[in-house]
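# Structure assessment
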Amino acid sequence: MYSHVAVHRSIIMSDGQTQNGADAVDKATVEVAQMALEAKEETPKAAAAAKESAGAEAGSETKKPDENGASSSSPPVSNAAFREQFKAFSKFGDTKSDGKHLTLSQSDKWMKQAKVIDKKITTTDTGIHFKKLKQMKLSFEDYNKFLDDLAKTKKVELSEIKNKMVNCGAPGIHNVTPGKAAETVARLTDTSKYTGSHKQRFDETGKGKGIAGRKDMVDGSGYVTGYGHKNTYDKTH
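Described in the following lines is the structure provided in the data block.

On to the environment of K91, then. Summarising the element assignment, K91 is placed in the loop between α3 (79-90) and β1 (101-103). On a C-alpha basis, the gap between K91 and Q106 in space is 8.5 Å, while along the polypeptide they are 15 residues apart. Beyond its immediate stretch of four places on either side in the chain, K91 contacts S97, D98, G99 and Q106.

Below you can see the structure in the form of structure tokens.
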């Protein structure tokens, strides 16, 4: 509105008004109108900029980039829990270990159990990065450097690797799903289905008779062979 008034006034003055006082008032009016118009135009821009800045700050709080530049979706790993797993696997297969150093073999067992070693990360990769540190056994601090270097090279989140290694269970524990092999073993060990001489090796409960089930033993009890009521006299009289 101010801009239209200013333009209209300037046209009138150009047609015939030449007084110095009127010119001064006209210029002041034009300047005020321009300032009001500029302030009106900048207000939505400032609001949009503030909204964008707030959105960026909120985004940075919910998703922080990891060391590789990618946004991390894995939860943070407890350093104490990871250290306990490191200690457990450093003693795995080595009764003399003090739990402070880990070999490449122990590391590979740990990573295989945690399913970190797969098609993307192989034992060749772990061997190359482990040997970069030029030590046969790595301390906890050096092992973290090894994992960090491996994660960056293979473009995998370090937190994802550590989460798997922390939650894989104690050394040597594997979750085996029963399959055909388990069914076959159960069938072969069911003594109730044995026939012939094999059946004679077990009693009614399925317990093995030992040597009595493999050889004919001399019966000195006085009963005729095949007598079915042996040792029942005292129970019936």
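The rest of the description comes next.
A few words on the packing of aromatic side chains. Under the criterion given, the structure shown has nine aromatic pairs. Ring geometry for F89 and W110: centres 5.1 Å apart, planes at 10°, overall stacked. Linking F89 in helix α3 with W110 in helix α4 (residues 104-113), this pair joins segments that are 21 residues apart in sequence. Taken together, a centroid distance of 5.3 Å and an interplanar angle of 40° make the contact between Y143 and F146 tilted. Linking Y143 with F146, this pair stays in helix α6 (residues 140-154), spanning three residues, or about one helical turn. With a relative accessible area of 0%, Y143 lands in the buried category. In this structure F146 comes out as buried when scored by relative accessible area, which is 1%. The rings of F82, F86, F89, F92, W110, F130, F140, Y143 and F146 are connected pair by pair, giving a single aromatic cluster. Here R83 stacks its cationic end above the ring of F140, 4.1 Å away from the centre of that ring. Positioned above the aromatic ring of F82 is the side chain of K162, whose terminal nitrogen or guanidinium carbon lies 4.9 Å from the ring centre.

This paragraph deals with the pattern of salt bridges. Pairs can form between side chains of opposite charge whenever their charged atoms are close. In total, this model carries six salt bridges according to the counting rule given. D149 is the partner of K132 in a salt bridge, and the nearest nitrogen-oxygen pair spans 3.3 Å. Taken together, the residues span a long stretch of sequence, with K132 in the loop between α5 (123-131) and β2 (137-139) and D149 in helix α6 at a distance of 17 residues. D149 sits in the partly exposed class, given a relative accessible area of 26%.

With twelve residues, α3 should reach 16 Å at 1.5 Å per residue; the first-to-last C-alpha distance of 16 Å fits that figure. When α3 is considered as a whole, its buried residues turn out to be F82, Q85, F86, F89 and S90. In an axial view of α3, the angular spread of the buried residues amounts to 130°, which keeps them on one side of the axis. Facing away from the buried side of α3 by over 90 degrees, the exposed positions are A80 and E84. Contact partners of the buried residues in α3: β1, α4, β2, α6 and α7 (158-166).

The phi dihedral of K115 is positive, around 60°, even though this residue is not glycine. Here K115 is to be found in the loop between α4 and α5. For K115, a relative accessible area of 63% gives the class exposed. A positive phi angle, near 55°, is found at K134, a position not held by glycine. By secondary structure assignment, the location of K134 is in the loop between α5 and β2.

Once that is clear, we can look at the packing of α3 against α4. Where α3 meets α4, the axes come as close as 9 Å, and the angle between the chain directions of the two elements is 120°. Between α3 and α4, the angle is such that the two are oblique. For α3 against α4, the interelement crossing comes out right-handed. Listed contacts from α4 to F82, Q85, F86, F89 and S90 of α3 are Q106, W110 and Q113.

Attention now goes to the nonpolar core. W110, M111, Y143, L147 and M165 are the most contacted members of the largest nonpolar core, which has 24 residues in total. The set of elements that each furnish at least two residues to this core consists of α3, α4, α6 and α7. It is α6 that provides the largest number of residues to this core, a total of six residues.

Before going further, it helps to examine the side chain of Q106. Along the chain, Q106 falls in helix α4. At 3.0 Å, the side chain of Q106 and the backbone nitrogen of T103 are in polar contact. Setting aside chain neighbours within four positions, we find Q106 in contact with F89, S90, K91, F92, D94 and H101.

Basis of the calculations
Residues numbered from 1 in each chain as written. Predicted model: local features only at pLDDT ≥ 70, side-chain atom pairs only at ≥ 80, totals over all residues. Heavy atoms only, no water. Helix = DSSP H or I, 4+ residues; strand = E, 2+ residues; numbered from the N terminus. Contact = heavy atoms within 4.5 Å. Phe/Tyr/Trp six-rings, centres within 6.5 Å; stacked < 30°, edge-to-face > 60°. Buried < 20%, exposed > 50% of the residue type's maximum accessible area, 1.4 Å probe, protein only. Lys NZ or Arg CZ within 6 Å of the ring centre and 35° of its normal. Salt bridge = Lys/Arg side-chain N within 4 Å of Asp/Glu carboxyl O. Expected span 1.5 Å × (residues − 1). Arc of directions from axis to C-beta. Axes fitted to C-alpha atoms, helices over the stretch in contact; angles between N-to-C directions. Parallel < 35°, antiparallel > 145°, perpendicular 65-115°, else oblique. Left-handed = near helix turned anticlockwise from the far one by under 90°. Core = buried A, V, L, I, M, F, W, Y, C linked by side-chain atoms within 4.5 Å. Polar contact = N/O pair within 3.5 Å; in protein donor to acceptor, adjacent residues only side chain to side chain.

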